[in-house]
Amino acid sequence: MGLLVTLNEEGYQTLKKDREVIINKIKELELVLNELDPAYKILQPFYEPKIDISLSDLQGENVYVGSVFVVPGDKAVKRRIKFVINSVSQYKDINDERLLEDAKKIARDELIKFFPTYFE
């Protein structure tokens, strides 16, 4: 397959053949990707959870609370895991990088606690 194509009929035929080869390879890869996607969609929230952080009142103290949603492979129902991160006073604001790092660590610990087989 050459990137420089002669602009004539021979170049066109070569380009056409190369293009067909590429299209067929793309189709093969799409089939493989489609086979992998269901498992990937189940596993991604466990290893790259989307963490929602909000402010909450816990026994008179303002705290940040995190939550993640997962769909365990053996269940068809989305499950929400909620956890306390720390007191609001420990962070500058809700955009504090330390807050996000703490939330990631606690989310992982909670996911391991509830779904240990995903982390063996």
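Structural notes, computed from the coordinates. From a predicted model like this one, the values you see are computed outputs, not experimental measurements. (Residues numbered from 1 in each chain as written. Predicted model: local features only at pLDDT ≥ 70, side-chain atom pairs only at ≥ 80, totals over all residues. Heavy atoms only, no water.)

### Some words on the overall build of the protein
Short version of the rule: Counting from the N terminus, the helices are the DSSP runs of H or I reaching at least four residues and the strands are the DSSP runs of E reaching at least two. The globule rule used here is 2.2 Å times the number of residues to the 0.38 power, and the radius of gyration it is set against is calculated over C-alpha atoms. Burial status follows relative accessibility: with a 1.4 Å probe on protein chains alone, a residue under 20% of its type maximum counts as buried, one over 50% as exposed, and anything between as partly exposed. Any two residues having at least one pair of non-hydrogen atoms within 4.5 Å are treated as being in contact. Here the Shrake-Rupley method, with its probe set to 1.4 Å, supplies the accessible areas, and only the displayed protein chains count as covering residues.
The helix and strand inventory of the protein stands at two helices and three strands. In the protein, the succession of α and β elements from N to C terminus is α-β-β-β-α. Its C-alpha radius of gyration of 24 Å places the protein more than 25% over the 14 Å reference for a compact globule of 120 residues. Its C-alpha atoms put the protein at 80 × 35 × 25 Å along the principal axes. Burial status across the protein gives 22% buried among its 120 residues. Taking the intrachain contacts of the protein between residues at least 6 apart in sequence as the baseline, contacts between residues at least 24 apart amount to 41%. Looking at the protein as shown, the accessible area adds up to about 9400 Å², and 55% of this sits on carbon and sulfur atoms.

### Observations concerning the packing of aromatic side chains
How we decide: Ring pairs shown here join Phe, Tyr and Trp side chains whose ring centres sit within 6.5 Å, with only the six-membered ring taken for Trp; geometry is labelled stacked below 30 degrees between planes, edge-to-face above 60, and tilted in between.
Counting across every chain of the model gives five aromatic pairs. Ring geometry for Tyr64 against Tyr91: centres 5.9 Å apart, planes inclined by 65°, an arrangement best described as edge-to-face. Highlighted residues: Tyr64 in strand S2 (residues 61-70) and Tyr91 in the loop between strand S3 (79-87) and helix H2 (97-114), separated in sequence by 27 residues. On the accessibility criterion, Tyr91 (7% relative accessible area) is buried.

### Concerning the pairing of strand S1 (residues 52-58)
This is how it is decided: We call two strands paired when DSSP finds no fewer than two bridges between them.
For S1 and S2, the ladder comprises seven bridges, and the chain directions are antiparallel. By the bridge assignment, Leu55 is partnered in S2 with Tyr64. The loop that links S1 with its antiparallel partner S2 comprises two residues; one of these, Gln59, has a positive phi angle of about 50°.

### Details of the side chain of Ser67
Topologically, Ser67 is positioned in strand S2. Filtering out sequence-adjacent residues up to four positions away, Ser67 remains in contact with Lys50, Ile51, Asp52, Arg80, Ile81, Lys82 and Phe83.

### Describing the nonpolar core
Definition in use: Residues enter a nonpolar core if they are buried and are Ala, Val, Leu, Ile, Met, Phe, Trp, Tyr or Cys, with the set joined through side-chain atoms within 4.5 Å.
In terms of nonpolar packing, the biggest core is built from 16 residues, with Phe46, Ile51, Val68, Phe83, Ile85, Leu111 and Phe115 touching the most fellow members. Sorting the residues of this core by element identifies S2, S3 and H2 as the ones contributing at least two each. Tallying contributions element by element places H2 first for this core, with four residues. Discounting chain neighbours no more than four positions away, the residues touching Phe46 are Val70, Val71, Pro72, Leu111, Phe115, Tyr118 and Phe119.

### Focus on the sheet that holds S3
Keep this limit in mind: Axes here mean lines fitted to C-alpha atoms, for a helix over just the part in contact, with angles spanning 0 to 180 degrees between N-to-C directions.
Taken in spatial order, the three strands line up as S1-S2-S3 in an open sheet, and their pairing is antiparallel. Each having just a single partner strand, S1 and S3 make up the two edges of the open sheet. Along the sheet, successive strands turn relative to each other by an average axial angle of 35°, direction set aside. Here H2 sits on the sheet in contact with S1, S2 and S3, set at roughly 135° to S3.

### As for the environment of Val88
Within the secondary structure, Val88 is located in the loop between S3 and H2. Taking the C-alpha atoms as reference points, Val88 and Asp57, separated by 31 residues in sequence, lie 10.0 Å from one another.

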